[in-house]
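Architecture and fold: a report
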Amino acid sequence: MKNLFLIAALALIPWAANAQNSNSKFTITPRIGMTVSDFSGSKLKEAYSPKAGFVAGVDAEYNFSKLFGVSLGVFYNMQGVIGKNAHIDFDRNAGSYIYLTDFRTDLNYISIPVLAQAHVWKGLTAKLGIQTDVLVSARSKANEEVKYNGVTHFKKSNTDIKDKLHSCVFSIPVGLSYTYKNIELDARYLWGISKVADTKDENDKDLKNSTFAITLGYRFGL
């Protein structure tokens, strides 16, 4: 087993050395980081607050010159919102009520960004493109306090809402990154341009994703 690891390590030496070449035409950059997401387009903006999430994936970039390149990426991207406390006919002295707390919507996507990359200064890159988000899962969660006929029940709800949402949405990523010795810090704003769902609700009929993502990656030259 030790010999196998040694052979593998020796085989990687030329590749690792080549990875340090920042002038490579083709680069691969694995990334990991966090998202802060919210909804835009809702008339009930005060009902939502931003939600932190996780993002991880990889970008592959082809550089046509020292100044310009194009990248294609694949990421697992957590989005959604945290809702503020809501209630329906809430009065603990009443015979019946529903009270919701810790409400949240968890949306998980496979994101595919295609970006034009302008290397505007030493290590500094500006990015603009289009991103396709394919919905993997969508759940609505809350703590419920329900009183009916004088009896109070407490439970946690965890509802699959994937069939109520569009399976594919689009956004425009706008970002900047800075690379130092192959380590890259990347910040992007994902401006949602397609609706999360079709609904007749006047308050949420134009609901779109709005997400800020920041990641740390390592650039490998091939």
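The structure displayed is predicted, hence computed values, not measured ones.

**Some words on the overall build of the chain**
- Broken down by element type, the chain carries 1 helix and 11 strands.
- Element order for the chain, N to C, with α for helix and β for strand: α-β-β-β-β-β-β-β-β-β-β-β.
- For the chain, contacts bridging at least 24 residues in sequence account for 65% of all contacts bridging at least 6.
- For the chain, the exposed area adds up to about 12800 Å²; of that, 66% sits on carbon and sulfur atoms.

**Here we look at the side chain of Lys127**
- Checked against the element boundaries, Lys127 lands in strand S6 (residues 124-148).
- Among the polar contacts listed, one links the side chain of Lys127 to the side chain of Ser177, at a separation of 3.5 Å.
- For Lys127, the side chain forms a polar contact with the side chain of Asp186, separated by 2.6 Å.
- Beyond its immediate chain neighbours, meaning those up to four positions away, Lys127 contacts Arg31, Leu115, Ala116, Gln117, Pro173, Val174, Gly175, Ser177, Glu184, Asp186 and Arg188.

**Side note on the packing of aromatic side chains**
- Tallying each qualifying case throughout the model produces 3 aromatic pairs.
- With centroids separated by 5.1 Å and ring planes inclined at 80 degrees, the aromatic side chains of Tyr62 and Phe64 adopt a geometry described as edge-to-face.
- When its relative accessible area of 37% is taken as the criterion, Tyr62 is described as partly exposed.
- Relative to Phe68, the ring of Phe64 has its centre 5.9 Å away and its plane inclined at 20 degrees; by these criteria the two rings are stacked.
- Using a relative accessible area of 36% as the deciding quantity, one classes Phe68 as partly exposed.
- Each member of the aromatic cluster is reached from another via a ring pair, and the members are Tyr62, Phe64 and Phe68.

**Focus on the pairing of strand S7 (residues 151-160)**
- With 10 bridges joining them, S6 and S7 adopt antiparallel strand pairing. Bridged to Asn143 within S7 is Lys156.
- Hairpin connection, S6 to S7: the antiparallel pair is bridged by 2 residues, and Asn149 has positive phi, about 55 degrees.

**Focus: the nonpolar core**
- Counting 13 residues, the largest nonpolar core has Phe39, Leu107, Tyr109, Leu135, Ala138, Leu165 and Val196 as the members making the most contacts within it.
- Listed by contribution, the elements that provide at least two residues to this core are strand S5 (97-121) and S6.
- What Leu165 contacts, discounting residues up to four positions off in sequence, is Leu107, Leu135, Ala138, Val196 and Ala197.

**With respect to the pairing of strand S10 (residues 208-218)**
- Note that strand S1 (residues 26-40) and S10 share 10 bridges and pair antiparallel. By the bridge assignment, Met34 is partnered in S10 with Ile214.
- Judged from the 9 bridges that link them, strand S9 (residues 183-192) and S10 form a sheet pairing that is antiparallel. Considered in S10, the bridge of Leu190 is made with Thr211.

**Some details on the environment of Ile82**
- In this fold, Ile82 is placed in strand S3 (residues 68-83).
- Residue classification places Ile82 among the partly exposed positions, given a relative accessible area of 31%.
- Once the C-alpha coordinates of Ile82 and Asp38 are considered, the two residues, 44 residues apart in sequence, prove to be 8.2 Å apart.
- Discounting residues that sit within four places of it in the chain, Ile82 has contacts with Ala47, Tyr48, Ser49, Pro50, Lys51, Phe103 and Arg104.

**Quick notes on the confidence of the model for the chain**
- The predicted model of the chain averages 83 in pLDDT, with 81% of residues at 70 or higher.
- Per-element confidence in the chain is highest for S9, whose mean pLDDT is 97, and lowest for helix H1 (residues 2-19), whose mean pLDDT is 40.
- For residues 1-22, every residue scores under 50 in pLDDT, and the model assigns this stretch 12 contacts once sequence neighbours within four places are set aside.

**Overview of the pattern of salt bridges**
- Evaluation of the coordinates by the stated rule reveals 13 salt bridges.
- The partner of Asp59 in a salt bridge is Arg188, with the nearest N and O atoms 2.6 Å apart. Taken together, the positions of Asp59 in strand S2 (residues 48-63) and Arg188 in strand S9 put the pair 129 residues apart, joining distant regions of the chain.
- Note on Arg188: relative accessible area 7%, which makes it buried.
- In this structure, the salt-bridge partner of Lys141 is Asp106, at a minimum N-O distance of 3.2 Å. With Lys141 in strand S6 and Asp106 in strand S5, this residue pair connects regions lying 35 residues apart in the sequence.
- Here Asp106 falls in the buried class, since its relative accessible area comes to 11%.
- Because the salt bridges share partners, they merge into one network encompassing Arg31, Asp59, Glu61, Lys127, Glu184, Asp186, Arg188 and Arg219.

About the criteria used
- Residues numbered from 1 in each chain as written.
- Predicted model: local features only at pLDDT ≥ 70, side-chain atom pairs only at ≥ 80, totals over all residues.
- Heavy atoms only, no water.
- Helix = DSSP H or I, 4+ residues; strand = E, 2+ residues; numbered from the N terminus.
- Contact = heavy atoms within 4.5 Å.
- Areas by Shrake-Rupley, 256 points an atom, 1.4 Å probe, with all protein chains shown as cover.
- Polar contact = N/O pair within 3.5 Å; in protein donor to acceptor, adjacent residues only side chain to side chain.
- Phe/Tyr/Trp six-rings, centres within 6.5 Å; stacked < 30°, edge-to-face > 60°.
- Buried < 20%, exposed > 50% of the residue type's maximum accessible area, 1.4 Å probe, protein only.
- Pairing = 2+ DSSP bridges.
- Core = buried A, V, L, I, M, F, W, Y, C linked by side-chain atoms within 4.5 Å.
- pLDDT = per-residue confidence, 0-100.
- Salt bridge = Lys/Arg side-chain N within 4 Å of Asp/Glu carboxyl O.

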